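Close look at the chain arrangement
The residues making up each chain are set out below.
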Amino acid sequence: MSTTRVQPDPRATLRSGLPDRYLTPDDIAEMFEVPKETVYQWRKKRTGPPGFRVGKHIRYDPADVQRWKQERMAADAA
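Presented here is a report on the structure given in the accompanying data block. (Residues numbered from 1 in each chain as written. Predicted model: local features only at pLDDT ≥ 70, side-chain atom pairs only at ≥ 80, totals over all residues. Heavy atoms only, no water.)

With that out of the way, let us pick up the pattern of salt bridges. This structure, assessed with the given rule, holds three salt bridges. Asp26 is the partner of Lys36 in a salt bridge, and the nearest nitrogen-oxygen pair spans 3.2 Å. Of this pair, Lys36 sits in helix 3 (residues 36–45) while Asp26 sits in helix 2 (residues 25–32), and the two are ten residues apart along the sequence. Residue Lys36 is classed as partly exposed on the basis of its relative accessible area, which comes to 35%. Assessed through its relative accessible area of 44%, Asp26 is described here as partly exposed. Salt-bridge contacts for Asp64 lead to Arg67; the nearest nitrogen and oxygen are separated by 2.4 Å. In this pair, Asp64 and Arg67 both sit in helix 4 (residues 62–77), three residues apart, roughly one turn of the helix. The partly exposed category is assigned to Arg67, whose relative accessible area is 43%. (Salt bridge = Lys/Arg side-chain N within 4 Å of Asp/Glu carboxyl O. Helix = DSSP H or I, 4+ residues; strand = E, 2+ residues; numbered from the N terminus. Buried < 20%, exposed > 50% of the residue type's maximum accessible area, 1.4 Å probe, protein only.)

What follows is the structure, encoded as structure tokens:
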């Protein structure tokens, strides 16, 4: 029996429900299919999903990312 845990695709996890961990900039870049530099620019300009620091690392609460995504989709539909 293997105890290795495979990280799920963050896009699939967010669509089906909230993941049980905080997301990284790499996860955000993969979810929205943008370069990681774009994620950092969003944070710098405060236009992307809200993130927070844990030491020197940036993390994103999945609920905040989902809320930001829904706001963007509503704004585009308007």
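Once the structure has been displayed, the description carries forward.
In this section: the pairing of strand 2 (residues 57–60). Across the two faces of strand 2 the burial differs, with Ile58 and Tyr60 buried and His57 and Arg59 not buried at all. Judged from the four bridges that link them, strand 1 (residues 51–54) and strand 2 form a sheet pairing that is antiparallel. Residue Val54 lies in a different strand from strand 2, and its bridge partner there is His57. Two successive antiparallel strands, strand 1 and strand 2, enclose a turn made up of two residues, where Gly55 displays a positive phi of approximately 65°. (Pairing = 2+ DSSP bridges.)

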